[in-house]
Amino acid sequence: MLLKQAQTPALATMLSANDFASGSWELVVQVDHPSKEKDKDVPLRVSGDLHIGGVMLKLVEKMKIAQDWSDFALWWEQKRCWLLKTHWTLDKCGVQADAKLLFTPQHKMLRLRLPNMKTVRLRVSFSDMVFKAVSDVCKTLNIRRSEELSLLKPSGDYFKKKKKKDKNNKEPIVEDILNLESSPTISGSPVSPGLYSKMMTPTYNPINGSPVSSTLTWFSDSSVTEQNCGILALSQPSQSPEVLADMYQSLSLVDKAKLNAGWLDSSRSLMEQGIQEDEQLLLRFKYYTFFDLNPKYDAVRINQLYEQARWAIVLEEIDCTEEEMLIFAALQYHISKLSSSADIQDLANESEVDEVEAALSNLEVTLEGGKADNTLEDITDIPKLADNLKLFRPKKLLLKTIKQYWFVFKDTSIAYFKNKELEQGEPIEKLNLRGCEVVPDVNVAGRKFGIKLLIPVADGMNEVYLRCDHENQYAQWMAACILASKGKTMADSSYQPEVLNILSFLRMKNRNSTSPVASSLENMDMNPECFVSPRCAKKHKSKQLAARIMEAHQNVAQMSLVEAKLRFIQAWQSLPEFGLTYYLVRFKGSKKDDILGVSYNRLIRIDATTGIPITTWRFTNMKQWNVNWEIRQVAIEFDQNVSIAFTCLSADCKVVHEYIGGYIFLSTRSKDQNETLDEDLFHKLTGGQE
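Residues numbered from 1 in each chain as written. Predicted model: local features only at pLDDT ≥ 70, side-chain atom pairs only at ≥ 80, totals over all residues. Heavy atoms only, no water.

Caption draft 1: Representation of the overall build of the protein in the model. Of the regular secondary structure elements, the protein holds 23 helices and 24 strands. Counting the 690 residues in the protein, one finds 49% classified as buried. Entry remark: accessible area of the protein is about 34600 Å², with carbon and sulfur atoms responsible for 52%. (Helix = DSSP H or I, 4+ residues; strand = E, 2+ residues; numbered from the N terminus. Buried < 20%, exposed > 50% of the residue type's maximum accessible area, 1.4 Å probe, protein only. Areas by Shrake-Rupley, 256 points an atom, 1.4 Å probe, with all protein chains shown as cover.)

So this is what it looks like as structure tokens:
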């Protein structure tokens, strides 16, 4: 080898005898320096026992440029990895003379489109794992519980489509970008507090958990926040029907599955995943378990959640009935009216008395259903429901037969008898609802109050319909079914609040023709097509649609702004498809593709053609899961010797693996954690071993 090198004149002149003796060699490092028009290549004489920190020191000394280099680090292009362990030697890292190293800032500008469709431009860590980078972004944007959000890279034409359609408009549309460059998310550095100035621990008293200050008083600390508080914490005006029509796409389950392919890997950095500086990504709520939503501290979080729910409804990313669409439209209209007249300064100047009252009110809500006078009764006596209900089972090629039986709901099971007198004997059938799917089948105007139950059995799903006579009966039985599906009984403290939530939603759906109709002037001020999906808007004339929205609005007109947003989120959560993220998969042993629905507490196998659930597996019954990285197959074991395996066709299997592990991680949260997260546990559950 030495002879070959000696035969090359250029190398012979470059290398001295001392170089050979010391084992040193030349390493060329490219410097990403903003003041230079082109990146500069800097040659360094190094040896294998030189540590990474020493390389960077040599580099800075040789460049002789006076500036703060503390945020710079070495990026290895061929290996696509950061060399962040500065005490490691070049030999230990495997760096040799042919390595292409880039000396570049770890924090770079990134454009993030928020759920409210506003784009923020801010400095983000390209070297931290995405989980940590999202946490820092959320601190800047004043969003608590960052573990519920992540970054999504949409398909290549997502942003191009919008721009192309914008060109067709008469007036040029300039993208509204909120520039937060002065609020860099550099952990541990004394930078501007951004929108997160008094967030996390200082928000609550660490001793007694009482609130220190209200949400909007945080905004007074920064000039950045004074300008942009309204944009992030208040709802934006509705888009025109033309814009909605451009954005609307009729999506099948397979189409929805493809949309979820772009979630970034939380265990790798942005740079490792090929994200470029100033690239545009989506910041979205990824996990549909919204822990500890508190109006006093979550103005931005609640608004962004509302916006994500609003767009999901209007663009029909989640299915709902026309009756439900009108409820959502009425709430949107109400929120839009209140937002346009809201005065931020009035909210920011809340008195100390209001804060104490809000804290007590929040405590009361938290404890609702667990009052002292019935605690012992809850422990010793599990309530039961017993009443006459109608039942039918859909059967192919047969007419639907509805029969009335005497039903008894106890623990997590429903038993039914021919009549009340036979209750003490053997039931006709006993249905165990643990792990079942509960779907509302309601039309308030038509006085139809049905409950659809999909109960897992060995060969698929047992489909049963229950029909109630009135709202109160429906609310009690529906709430009991929802809790039973989660393995909870009516003794649980969440039962009564669930009943009240269902009744509240039913009352919003109730069209009260005896109430005074809104003035024609108010109808004229409304553009009803802005609040419903384009498909729904096409079915009705504008005046008719406006009248129906105003009719529904009478039931929500007295709500405050935050209450209306929370009620919208609550109604969104009550939809059958809520929280389901779809992936196209092929199960082991199957000859056709299926849809896998991933929810916060279960996995659902769905027929890709019909959309009908085939079977359900709950996380509580899961014993273990793993990934065979060679064949990219996810394998899961459940209780009772049930095991499944599938390959993911619409996304990398790591995305599905992270979803499952992420939901299990989120189920471990509790309020006594003081908002600190076990980041190592998250990566252990979601990272996998590749």
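Still more ground to cover, so stick around.
Caption draft 2: How the structure looks around the packing of helix α12 (residues 322–341) against helix α20 (residues 542–553). Between α12 and α20, the least distance of the axes is 8 Å, while the angle of their chain directions is 75°. By the angle between their axes, α12 is roughly perpendicular relative to α20. Of the residues in α20, those in contact with Glu322, Leu326, Ile327, Ala329, Ala330, Tyr333, His334 and Lys337 of α12 are Leu545, Arg548, Ile549, Met550, Ala552 and His553. Looking at the contact of α12 with α20 residue by residue, the class counts come to 9 nonpolar, 2 polar and 3 charged. (Axes fitted to C-alpha atoms, helices over the stretch in contact; angles between N-to-C directions. Parallel < 35°, antiparallel > 145°, perpendicular 65-115°, else oblique. Contact = heavy atoms within 4.5 Å. Nonpolar A, V, L, I, M, F, W, Y, C, P; charged D, E, K, R; others polar.)

Caption draft 3: Structural detail: the sheet that holds strand β21 (residues 613–618). Strand order in this open sheet of 7 strands is β21-β20-β19-β18-β24-β23-β22, and the pairing throughout is antiparallel. Only two strands of the sheet have a single partner each, and these edge strands are β21 and β22 (622–628). Each strand axis lies, on average, 30° off the axis of its neighbour in the sheet, ignoring direction. Here strand β23 (residues 633–638) runs beside strand β24 (residues 642–648); their pairing, made up of 6 bridges, is antiparallel. Each residue of the ladder has a partner; that of Glu637, found in β24, is Ser643. On the sheet, helix α22 (residues 653–666) packs against β18 (581–587), β19 (594–598), β20 (602–607), β22, β23 and β24 and is oriented at approximately 155° with respect to β22. (Pairing = 2+ DSSP bridges.)

Caption draft 4: The confidence of the model for the protein, seen in detail. With 76% of its residues at a pLDDT of 70 or more, the protein has an overall mean of 80. Confidence over residues 163–174 falls short of pLDDT 50; this stretch has 2 contacts with residues more than four positions distant or in other chains. Taken as a whole, residues 186–226 scores under 50 in pLDDT and shows 83 contacts with residues more than four places along the chain or in a different chain. (pLDDT = per-residue confidence, 0-100.)

Caption draft 5: Molecular detail of the pattern of salt bridges. Per the stated rule, a full pass over the model turns up 32 salt bridges. Between Glu429 and Arg393 there is a salt bridge whose closest N-O contact spans 2.1 Å. One end of the pair, Glu429, is in strand β14 (residues 429–432); the other, Arg393, is in the loop between β11 (384–392) and β12 (403–410), and 36 residues separate them in sequence. A residue is classified by how much of its surface remains accessible, and Glu429, at 23% relative accessible area, is partly exposed. In this structure, Arg602 engages Glu437 in a salt bridge whose closest nitrogen and oxygen atoms are separated by 2.5 Å. Taken as a pair, Arg602 in strand β20 and Glu437 in strand β15 (residues 437–443) lie far apart in primary sequence, 165 residues in all. (Salt bridge = Lys/Arg side-chain N within 4 Å of Asp/Glu carboxyl O.)

Caption draft 6: Structural detail: the packing of aromatic side chains. Scanning all chains against the criterion turns up 30 aromatic pairs. Ring centres of Tyr405 and Phe407 lie 6.5 Å apart, and the angle between their planes is 80°; on these two criteria the pair is classed as edge-to-face. For Tyr405, a relative accessible area of 15% corresponds to the buried category. When the centroid spacing of 4.9 Å and the interplanar angle of 80° are considered together, the rings of Trp572 and Phe578 count as edge-to-face. With respect to burial, Trp572 and Phe578 carry one shared label: buried. Ring-pair connections join several aromatic residues into one group, and the members of that group are Phe285, Tyr288, Phe290, Trp572 and Phe578. Sitting above the plane of the Trp76 ring, Lys79 keeps its charged end 5.6 Å from the centroid. The ring of Phe587 has Arg605 sitting right over it, with the charged end atom 4.2 Å from the ring centre. (Phe/Tyr/Trp six-rings, centres within 6.5 Å; stacked < 30°, edge-to-face > 60°. Lys NZ or Arg CZ within 6 Å of the ring centre and 35° of its normal.)

Caption draft 7: Representation of the pairing of strand β8 (residues 149–152) within the structure. Residues Leu149 and Leu151 of β8 are buried on one face, and the alternating residues Ser150 and Leu152, pointing to the opposite face, are buried as well. Pairing between β8 and strand β10 (residues 280–285): 4 bridges, direction antiparallel. Its bridge partner lying in β10, Leu151 is registered against Leu283.

Caption draft 8: Structural view of the nonpolar core. Core analysis: the biggest nonpolar cluster contains 109 residues, and Leu270, Trp572, Tyr583 and Ile636 have the highest contact counts within it. Looking at this core element by element, the count peaks at 9 residues for α12. When residues no more than four places from it in sequence are discounted, the contact partners of Leu270 are Leu110, Val124, Ser125, Phe126, Asp128, Val130, Leu151, Leu264, Ile275 and Leu281. Listed in part, the 37 residues of the second largest apolar core include Cys436, Val442, Val464 and Ala480. (Core = buried A, V, L, I, M, F, W, Y, C linked by side-chain atoms within 4.5 Å.)

Caption draft 9: Main features of the sheet that holds β8. Spatial ordering of the open sheet is given by β8-β10-β6-β7-β9, a layout of 5 strands whose pairing is mixed. Looking at the sheet topology across the chains shown, the edges are occupied by β8 and β9 (177–179). Direction aside, neighbouring strands of the sheet carry axes that sit 40° apart on average. Pairing geometry for strand β7 (residues 119–125) and β9, over 3 bridges, is parallel. The partner of Arg121 across the bridge, within β9, is Asn179.

Caption draft 10: Representation of the environment of Val642. You can see Val642 is positioned in strand β24. With 20 residues separating them along the chain, Val642 and Met622 place their C-alpha atoms 9.2 Å apart. Excluding residues that lie within four positions of it along the chain, Val642 makes contacts with Trp617, Ile636 and Glu637.

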